[in-house]
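# Coordinate inspection notes
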Amino acid sequence: MTTSGTLPMLSGIKVIDITQFVAGPTASRVLAEMGADVVKVELAPYGDRSRVQGVKAKDAPENAAPHSTYFFQHNHSKRGIALDFKNERARDILKGMIAKADVLVENFSPGVMARAGMSYDDLKKINPRLVMCSISFAGQTGDLSEKPGYDYIGQAYAGVTGMIGEADGSPAMVTMAIGDVSTGVSAALAIVTALFHRERTGEGQLVESTLLDTYFHMHEASIPRVSRLGKGYVQQRTGSQHPDGGPTGIFKCGDGKYITLMSLAHQWPQLVGALEMPELLNDPRFASASSRRKNNDLLKEILEGWLASVGSREECLKRLEKHRIPVAPVLDLHDVIELDHLKQRNTVRTAVDPMLGEFKVPGMPVRFSGWQGPSRLSAARLGEHNADVLRECGLSEEEIADLHDKKVFVRDRALG
């Protein structure tokens, strides 16, 4: 791990991560990148179920456990162990690790940890300074707490899905795990805040982060609006256009490519100047933000007519940007990962894995003036660090071998 001459900011913080998929692993991965020693605990025999998602090695060694780009992205920078969670000996070892840890992150269904004797009330007896973070779909309590759910289920329950799609069509889905990743980042924030509180008071605590709460928190304006206006107001789906007008939305250029344009109320004169249509300023249909909202479809027609007359997307962007209109090309991911700006800021990072080869992964979304993150990334194979972690727990080589022989702990057989 390379730094700018200082220790990683969370150096010395020990984290036990018993999570899988995206939200939980994101929380612990953020902590790991900032220097925490994160031990990811996978469940025998298969490990994190995300190991079978994403791109996998074409020429994996015989008997190798699954290892994928999906798993790598969300679990790099951690050490990894794999154990039989149902085995009492495994749970005893895990409790011993938790007794010496600063943080525990888990995303089992509510009730699983308690049935295993590892509820927060159980664990704070052996480690009162522990910060335990429970990540779930809808929380540890409440009517929906027992319901299984993933990102897209959270979208639907939070009213996000119902807002997206064409007005005369069905609702649409945001096909990326915005809620999962954001829940993980929120969890990391909560954990660090709880650690700061512990430094001042000596007290650990339980914190929660949920998909549903996170998605609901993302509504930047709609909740007060529908609450204030009552049942008579129903927010309609508006497809590629923002319901508040502006115009704000996705528009087609003359060459068939698309741009996203966001024009706020105070920028209307600038947009009119870019279009070179001064008559629009005195048109009563567009005189105010509310009138432009009512005539959103007509505005789209006018704007796309102008874009068609200009021709290429490049020229359209140039003319709009000249007038300081917020606008962007609608890029595909092949274009995005090659953007010089993202490369310069290390937002796009190159990972090299012995099994998976070279591929891109997202970088950290924040920057620090006093510290730089790791320059080389690696993700643990299934059970790769079993022996190291067990030695740290005080077990002998004979005990470690016995745990493997009895499959209390498991390891990728291709590691030898």
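Description of the structure in this document. Being a predicted model, the structure only gives us computed values, none of them experimental. (Residues numbered from 1 in each chain as written. Predicted model: local features only at pLDDT ≥ 70, side-chain atom pairs only at ≥ 80, totals over all residues. Heavy atoms only, no water.)

Inspection of helix 10 (residues 268-275) places Trp268, Leu271, Val272, Ala274 and Leu275 among the buried residues, and these make up the whole buried set. End-on view of helix 10: buried residues confined to an arc of 160 degrees, all on one side of the axis. Looking at the buried positions of helix 10, the neighbouring elements they touch are strand 8 (258-262), helix 11 (289-294), helix 12 (296-310) and helix 13 (313-322). Two residues or fewer past helix 10, Glu276 is found with a positive phi of approximately 55 degrees. (Buried < 20%, exposed > 50% of the residue type's maximum accessible area, 1.4 Å probe, protein only. Helix = DSSP H or I, 4+ residues; strand = E, 2+ residues; numbered from the N terminus. Arc of directions from axis to C-beta. Contact = heavy atoms within 4.5 Å.)

Bringing the packing of aromatic side chains into the picture now. Counting across every chain of the model gives 6 aromatic pairs. With a centroid separation of 6.0 Å and an interplanar angle of 50 degrees, the aromatic rings of Trp268 and Phe286 are classed as tilted. Taken together, the residues span a long stretch of sequence, with Trp268 in helix 10 and Phe286 in the loop between helix 10 and helix 11 at a distance of 18 residues. Like Phe286, Trp268 is buried. In this structure, Arg51 is placed above the aromatic ring of Phe71, and the distance from its NZ or CZ to the ring centre is 3.7 Å. (Phe/Tyr/Trp six-rings, centres within 6.5 Å; stacked < 30°, edge-to-face > 60°. Lys NZ or Arg CZ within 6 Å of the ring centre and 35° of its normal.)

So, about the side chain of Asp48. Following the sequence through the fold, Asp48 ends up in the loop between strand 2 (37-43) and helix 2 (69-75). Discounting residues that sit within four places of it in the chain, Asp48 has contacts with Thr19, Gln20, Phe21, Pro25, Lys40, Glu42, Phe71 and Asn75.

Moving on to the nonpolar core. Ile16, Leu94 and Leu104 are the most contacted members of the largest nonpolar core, which totals 29 residues. Counting residues per element, the ones that place at least two in this core are strand 1 (14-18), strand 2, strand 3 (79-83), helix 3 (88-99), helix 5 (120-126), helix 16 (386-392) and helix 17 (397-405). It is helix 3 that contributes the most residues to this core, 5 residues altogether. Not counting chain neighbours up to four residues away, the residues in contact with Leu94 comprise Ile16, Ile18, Val41, Phe85 and Met118. (Core = buried A, V, L, I, M, F, W, Y, C linked by side-chain atoms within 4.5 Å.)

Before going further, it helps to examine helix 13. Buried within helix 13 are the following residues: Arg313, Cys316, Leu317 and Leu320. With its buried residues spanning 95 degrees around the axis, helix 13 presents them on a single face. Among the exposed residues of helix 13, those pointing more than 90 degrees away from its buried face are Glu314 and Lys322. In this fold, the buried residues of helix 13 make contact with strand 8, helix 10, helix 12 and strand 9 (327-329). Directly after helix 13, the chain includes Arg324, whose backbone phi takes a positive value near 60 degrees.

Glancing now at the sheet that holds strand 8. In spatial order, the strands read 7-8-9; together these 3 strands make up an open sheet with antiparallel pairing. For this open sheet the edge positions go to strand 7 (248-252) and strand 9, each flanked by a neighbour on one side alone. Averaged over all adjacent pairs, the angle separating strand axes in this sheet is 20 degrees, with direction ignored. The pairing of strand 7 with strand 8 spans 5 bridges and is antiparallel. (Pairing = 2+ DSSP bridges. Axes fitted to C-alpha atoms, helices over the stretch in contact; angles between N-to-C directions.)

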